[in-house]
Amino acid sequence: MGQMPRPTGHADFIKGGQDVLCGLLFALVGTAGLWIGRDYPMGTSLRLGTGVFPRILCWGLIGIGGIVLVRGLLTHGPGLGHWAWRPVLLIGAAAVAFALLIEPAGLIAAMIALMVLGALAGTGHTLKEFATFAVIMLVMGWGIFIWGLGMPIKVFPWS
Amino acid sequence: MELSHLFTNLGLGFSVALSMSNLFWCLIGAIVGTAIGVLPGVGPVATMALLLPATYYLPPEGALIMLAGIYYGAQYGGSTTAVLVNLPGESSSVVTCLDGYQMARQGRAGAALAIAAIGSFFAGCVATMLIAVAAPPLISVAQQFGPADYCSLMVLGLITAVVMAHGSVVKALGMVLLGLLLGIVGTDVNTGNLRYTFDIGILFDGINFVPIAMGVFGINEIMANLANPEHRDLVSSKVTGLMPTRKDLRDSFPAILRGTAVGSALGILPGGGAVLASFASYTLEKKVAKDPSRFGKGAIEGVAGPESANNAAAQTSFIPMLTLGIPSNAVMAMMVGGMMIHGIIPGPQVMSDKPGLFWGMIASMWIGNLMLIFFNLPMVGIWVKMLMVPYRLLSIAILFFCCIGVYSLNNSADEVLLIALFGFVGYVFHKLDCEAAPMLLGFILGPMMETYMRRAMLLSRGDATVFVTRPLSLSFLIASVALLLLIVLPKVRKTREVAFQE
């Protein structure tokens, strides 16, 4: 009845899911910042201590978060929409895999893990295309960073 | 300033910029910039973040000349994709698609590309001169600033960036605060106390600039682009008739002039830069046209104006960074990052302390523009081929270069984990419709602002009213409040929404 279409699964009192989550997030960071920094000294007005600037910022964040939250509760706004978890998690996983493998297992293993996870994040890959691409990348990665720049990382797990 | 000084300075600049190695870095920057400008989904911010670790090995002049080249090179490259594929290669080329692609469909792709390049070159020359003329007097003004004035100026800069950001002002303000907070993570330089380090070793020196920028721009872009695959319709791989007709030139000349003026003015504003300039110029062209209905159907003014404007703005946005040390947009934040890697603190002292670097960079912009106009058009064929590489593969290559780039910075695998984290954070904020650029500005300005605030309090013997009793500081603060009030007033809000539409 004249309402903006919104994704299902929302509680009825939430009118703008995006703003609600955003406001909560800002307020949460602000509160956490205050709590973690509760012992940071305030110093004197002449010599401001470690805690002054963070406190100003955290209270600001809580205030802003409150405004956004209230706006999300009171006015109709965009919902949370569709979250593309697959590429987000897989691209993140690819970077994490690279980080975890580069030192213990070397460049080649880290690159292969990154490329396979990265390929899973996208769509439309064919095995032949990906294999060609992967070989080019491996040669290029070795050529630029090991042979060219002489980075002190191992190439193979056993080297 | 006397004219003779200007020429001595520019002479010094050219002697630096024309050295073989600096010419080489300028060329590399311009070509890399054009390439990433051509590729949709790869922006100058992410590219500059990617190359920051590499600039560590270059002399400071070469590093900054190359980084600058990436930014204005991207403005040239963005138009190529806009005209040929109807996709903005760069966000500042969004409006170029409207008429540029139509021109290409009418078989006039060559003329559109040529006019875009000529307009960009003209705008680049004017903007370079403007920097050279305007910077010294601005710097002498900036040298009078006290710490309180600086602190308030940064507030004004951040507020302007917030007002210029797309979408909700309140959210952008929140992002700025978040950035400021992230910026002070690490050891407090004044007292030696640790803040928000959670006993994690890599955080003791503060969060490194490169992983945060690469995460929220590079990795986040990949995530968002893979989530929304685009379609590329290459209008034709053969571009013929590069020379615009006499009529084309006559039609576009006034548009180029207007675009240059609009772009130069908007580039100086904090938060402005190339994107806003191109939109403003397109709107202006439509307003002054005798027959506005031609727009969207292949009007050459609709290409000439915005393309001149975005290049002019890309260059004049260096002015606040070079004179005041305050980055006005995410790209300038990258330039500041590049300077800091080389131990140069941006600010009014750069011109007097490092005249070769300062004037060399300005001179290199003109040289870079000259290179671009000669290299860009004949290389269109190569750019078109590059567009054939599907994004599913390109994304993996970018991801790899991000990871190894960050790793090479400190040989630290932990920092690679940080880019994954900030990529995720960036995606969450992207879905919450919060822009990352204000956060990055806050991140850069956070430590500086705190230092100036403390210094101001120390100089005023603990009297906080110093921020409102110093006339300069007071006027900056009043301007900030006025801007914020202005934006909540309904009328301005409406025009702003219209401006960001389309």
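Just so you know, these numbers come straight off a predicted model, no measurement behind them.

## A closer look at the overall build of chain B
Here is step 1 of the chain: Looking only at helices and strands, chain B features 23 helices and two strands.
Here is step 2 of the chain: Over its C-alpha atoms chain B spans a radius of gyration of 22 Å, differing by no more than 12% from the 23 Å that the globule rule assigns to 502 residues.
Here is step 3 of the chain: The principal-axis extent of the C-alpha atoms belonging to chain B is close to 70 × 55 × 50 Å.
Here is step 4 of the chain: Per-residue burial over chain B gives 62% buried out of 502 residues.

## Topic: the overall build of chain A
Here is step 1 of the chain: When helices and strands are counted, chain A shows five helices and zero strands.
Here is step 2 of the chain: Tracing chain A from N to C terminus, the helices and strands come up as α-α-α-α-α.
Here is step 3 of the chain: Taken over C-alpha atoms, the radius of gyration comes to 24 Å for chain A, far larger than the 15 Å a tight globule of 159 residues would show.
Here is step 4 of the chain: Seen through its principal axes, chain A has C-alpha atoms that stretch 60 × 55 × 20 Å.

## Brief notes about unusual backbone geometry
Residues and elements named next belong to chain B.
Here is step 1 of the chain: At Asn411, a residue that is not glycine, the phi angle is positive and equals roughly 50°.
Here is step 2 of the chain: Mapped onto the elements of the fold, Asn411 is located in the loop between helix H18 (391-410) and helix H19 (413-431).
Here is step 3 of the chain: The phi torsion at Asp433 lies on the positive side, around 65°, for a residue other than glycine.
Here is step 4 of the chain: Its place among the elements puts Asp433 in the loop between H19 and helix H20 (437-459).
Here is step 5 of the chain: With 16 C-beta atoms counted inside 10 Å, the residue Asp433 sits in the partly exposed group.

## Describing helix H5 (residues 94-105) of chain B
Residues and elements named next belong to chain B.
Here is step 1 of the chain: With 12 residues, H5 should cover 16 Å at 1.5 Å per step; its first-to-last C-alpha distance of 17 Å lies within 8% of that length.
Here is step 2 of the chain: Extensive coverage of H5 is indicated by the burial of 11 of its 12 residues.
Here is step 3 of the chain: Within the sequence span of H5, burial applies to Val94, Val95, Thr96, Cys97, Leu98, Asp99, Gly100, Tyr101, Gln102, Met103 and Ala104.
Here is step 4 of the chain: Lining the buried residues of H5 we find helix H4 (60-85), helix H6 (109-142), helix H11 (274-288) and helix H12 (301-316).
Here is step 5 of the chain: Within two residues after H5, Gly107 carries a phi angle of roughly 80°, on the positive side.

## Notes on the interface of chain B and chain A
Here is step 1 of the chain: Contacts between chain B and chain A engage 52 residues on the former and 55 residues on the latter.
Here is step 2 of the chain: Every element with two or more residues in the side of chain B that touches chain A is listed here: helix H8 (169-183), helix H9 (209-227), H18, H19 and H20 of chain B.
Here is step 3 of the chain: Considered class by class, the residues forming the side of chain B that touches chain A number 35 nonpolar, eight polar and nine charged.

## Some details on the domain arrangement of chain A
Here is step 1 of the chain: Under the domain assignment used here, chain A contains domain 1 (17-74) and domain 2 (85-148).
Here is step 2 of the chain: Relative to domain 2 of chain A, the C-alpha centre of domain 1 of chain A lies at a distance of 39 Å.

## Quick word on the packing of H5 of chain B against H12 of chain B
All names here are of chain B.
Here is step 1 of the chain: Following both chains from N to C, one finds H5 and H12 inclined at 140°, their axes separated by 8 Å at the closest point. Every pair of crossing elements has a handedness; the one defined by H5 and H12 is left-handed. The residues of H12 that touch H5, namely those facing Val95, Thr96, Leu98, Asp99, Gly100 and Met103, are Gly302, Val303, Pro306 and Glu307.
Here is step 2 of the chain: Per-class residue counts for the contact of H5 with H12 are five nonpolar, three polar and two charged.

## Observations concerning helix H3 (residues 85-105) of chain A
Think of an α-helix as turning once every 3.6 residues; residues three or four places apart then point the same way.
Here is step 1 of the chain: Between its terminal C-alpha atoms H3 of chain A stretches 28 Å, which fits the 30 Å expected from 21 residues at 1.5 Å a residue.
Here is step 2 of the chain: Looking only at H3 of chain A, the buried set comprises Pro87, Val88, Ile91, Gly92, Ala94, Ala95, Val96, Ala97, Phe98, Ala99, Leu101 and Ile102 of chain A.
Here is step 3 of the chain: In this structure, the buried side of H3 of chain A is in contact with helix H4 (107-121) of chain A together with H9, H18 and H19 of chain B.
Here is step 4 of the chain: Once H3 of chain A finishes, Gly106 of chain A follows within two positions and takes phi at roughly 90°, a positive value.

## Structural notes on the packing of H9 of chain B against H19 of chain B
All names here are of chain B.
Here is step 1 of the chain: The interhelical angle for the contact between H9 and H19, taken along N-to-C directions, is 55°, at an axis separation of 7 Å. Of the possible angle classes, the one that applies to H9 and H19 is oblique. At the point where H9 passes H19, the crossing takes the right-handed sense. Packed against H9, whose contacting residues are Pro211, Ile212, Met214, Gly215, Val216, Ile219, Asn220, Met223 and Ala224, the element H19 presents Glu415, Leu418, Ile419, Ala420, Leu421, Phe422, Gly423, Val425, Gly426, Tyr427 and His430 at the interface.
Here is step 2 of the chain: For the contact of H9 with H19, a count of residues per class yields 14 nonpolar, five polar and one charged.

## Here we look at the confidence of the model for chain B
Residue and element names in this part refer to chain B.
Here is step 1 of the chain: Per-residue confidence for chain B averages 85 on the pLDDT scale, and 94% of its residues sit at or above 70.
Here is step 2 of the chain: The weakest mean pLDDT in chain B belongs to helix H23 (residues 490-500) at 60; the strongest belongs to H8 at 92.
Here is step 3 of the chain: Here the predicted complex scores 0.83 on pTM and 0.87 on ipTM.

## Quick look at the confidence of the model for chain A
All names here are of chain A.
Here is step 1 of the chain: Put simply, chain A has an average pLDDT of 86, and 91% of its residues get 70 or more.
Here is step 2 of the chain: The spread of mean pLDDT over the elements of chain A runs between helix H5 (residues 127-148), the lowest at 91, and H4, the highest at 94.
Here is step 3 of the chain: Here residues 1-10 is modelled with pLDDT under 50, and outside its nearest four sequence neighbours on either side it reaches seven contacts, counting other chains as well.

## Here's the deal with the environment of Gly29 of chain B
Here is step 1 of the chain: If you trace the backbone, Gly29 of chain B turns up in helix H2 (residues 20-38).
Here is step 2 of the chain: Among all residues touching Gly29 of chain B, those that are not within four sequence positions of it are Ile65, Met66, Leu67, Ala68, Gly69, Ile70, Gly73 and Gly368 of chain B.

## Remarks on the environment of Val185 of chain B
Residues and elements named next belong to chain B.
Here is step 1 of the chain: Counting through the fold element by element, Val185 comes out in the loop between H8 and strand S1 (186-187).
Here is step 2 of the chain: The spacing of Val185 and Tyr196 is 11 residues in sequence and 5.4 Å in space, taken between C-alpha atoms.
Here is step 3 of the chain: Setting aside residues no more than four positions away along its own chain, Val185 makes contact with Arg195, Tyr196, Thr197, Leu203, Gly206 and Ile207.

## Side note on the environment of Gly201 of chain B
Residues and elements named next belong to chain B.
Here is step 1 of the chain: Residue position: Gly201 is located in the loop between strand S2 (194-195) and H9.
Here is step 2 of the chain: Using a count of 9 C-beta atoms within 10 Å as the deciding quantity, one classes Gly201 as exposed.
Here is step 3 of the chain: Put simply, Gly201 and Asp414 are 213 residues apart on the chain and 9.5 Å apart in space, counted from C-alpha to C-alpha.

Thresholds applied
Residues numbered from 1 in each chain as written. Chains lettered and ligands numbered in written order. Predicted model: local features only at pLDDT ≥ 70, side-chain atom pairs only at ≥ 80, totals over all residues. Helix = DSSP H or I, 4+ residues; strand = E, 2+ residues; numbered from the N terminus. Rg over C-alpha atoms; globule rule 2.2 N^0.38 Å. Buried ≥ 20, exposed ≤ 12 C-beta atoms within 10 Å, placed from the backbone. Expected span 1.5 Å × (residues − 1). Contact = placed C-beta atoms within 7 Å. Nonpolar A, V, L, I, M, F, W, Y, C, P; charged D, E, K, R; others polar. Domains from an automatic or database assignment. Axes fitted to C-alpha atoms, helices over the stretch in contact; angles between N-to-C directions. Left-handed = near helix turned anticlockwise from the far one by under 90°. Parallel < 35°, antiparallel > 145°, perpendicular 65-115°, else oblique. pLDDT = per-residue confidence, 0-100.

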